[in-house]
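Examining the three-dimensional arrangement
Next come the chains, spelled out residue by residue.
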Amino acid sequence: MPRKDAAPTNHRIRVETAHRILRAFGLASTKWTTIDELAARSDWLVEHEQELQDVLPGYVIGNLTPLNNRALVGFIRRVSALAEAAILTKRLGQQRVRGKCKNIYAYKAIVNRE
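Residues numbered from 1 in each chain as written. Predicted model: local features only at pLDDT ≥ 70, side-chain atom pairs only at ≥ 80, totals over all residues. Heavy atoms only, no water.

1. Focus: the overall build of the protein chain
On a plain count of helices and strands, the protein chain comes out with six helices and three strands. In the protein chain, the succession of helices and strands from N to C terminus is α-β-α-α-α-α-α-β-β. Seen through its C-alpha atoms, the protein chain measures out along the principal axes to roughly 60 × 35 × 20 Å. Taking all 114 residues of the protein chain together, the buried fraction comes to 34%. Looking at the protein chain alone, contacts between residues at least 24 apart form 53% of all its contacts between residues at least 6 apart. (Helix = DSSP H or I, 4+ residues; strand = E, 2+ residues; numbered from the N terminus. Buried < 20%, exposed > 50% of the residue type's maximum accessible area, 1.4 Å probe, protein only. Contact = heavy atoms within 4.5 Å.)

2. Structural notes on the packing of aromatic side chains
Inspection of every chain in the model, using the stated rule, returns one aromatic pair. Taking the centre distance of 6.4 Å and the plane angle of 75° together, the rings of Phe-25 and Trp-44 count as edge-to-face. Highlighted residues: Phe-25 in the loop between α1 (11–24) and β1 (33–34) and Trp-44 in helix α3 (residues 42–47), separated in sequence by 19 residues. With relative accessibility at 1%, the residue Phe-25 sits in the buried group. A relative accessible area of 18% places Trp-44 in the buried class. (Phe/Tyr/Trp six-rings, centres within 6.5 Å; stacked < 30°, edge-to-face > 60°.)

3. Points about the pattern of salt bridges
With the rule as written, the count across this model stands at two salt bridges. Glu-16 is the partner of Arg-12 in a salt bridge, and the nearest nitrogen-oxygen pair spans 3.0 Å. Linking Arg-12 with Glu-16, this pair stays in helix α1, spanning four residues, or about one helical turn. Judged by relative accessible area, which is 43%, Glu-16 ranks as partly exposed. Glu-51 is the salt-bridge partner of Arg-20, the closest N and O atoms lying 2.5 Å from each other. With Arg-20 in helix α1 and Glu-51 in helix α4 (residues 49–55), this residue pair connects regions lying 31 residues apart in the sequence. (Salt bridge = Lys/Arg side-chain N within 4 Å of Asp/Glu carboxyl O.)

4. Structural notes on the environment of Leu-45
Relative to the helices and strands, Leu-45 resides in helix α3. By relative accessible area, Leu-45 is classed as buried at 4%. C-alpha separation for the pair Leu-45 and Ser-29, spaced 16 residues apart in sequence, amounts to 19 Å. Residues within four places of Leu-45 in sequence aside, it is in contact with Phe-25, Leu-52, Leu-64, Leu-67, Leu-72 and Phe-75.

5. What about the sheet that holds strand β3 (residues 100–111)?
Ordered in space as β1-β3-β2, the three strands form an open sheet in which the pairing is antiparallel. Edge strands, defined here as strands with exactly one partner in the open sheet, are β1 and β2 (85–97). Pairing geometry for β1 and β3, over two bridges, is antiparallel. When the bridges of β3 are listed, Thr-34 appears paired with Ala-106. (Pairing = 2+ DSSP bridges.)

6. Focus on unusual backbone geometry
The phi torsion at Glu-84 lies on the positive side, around 55°, for a residue other than glycine. Along the polypeptide, Glu-84 turns up in the loop between α6 (69–82) and β2. In this structure, Arg-98 is a non-glycine residue whose phi angle is positive, near 50°. With respect to the helices and strands, the residue Arg-98 is situated in the loop between β2 and β3. Overall, the relative accessible area of 81% leaves Arg-98 in the exposed class.

Treat this as a map of the structure, not an account of what it does.
What follows is the structure in structure tokens.
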């Protein structure tokens, strides 16, 4: 007998949820998305956190407690693997922040649709 709190094992529901997450973060389009745009849309993740925990396995959700850029990009990469998509990274250049060079990246998803 399955646990009451266990995530559903229906793969199709998980893949559809992963595609919905990619669309919510603007990665399903053909344009490049910067990390600032991803961070601006992280409110969607907080709003739907309980729903995502019910559907997605724990290894995909991971630890989102410190929702910084690194955790956000890691989550999106894990979600894209579940959706059988690839996240492309493009280096846009460098910017000086408090005397240090910071690399600026943009991201885009390539989704395998059959």
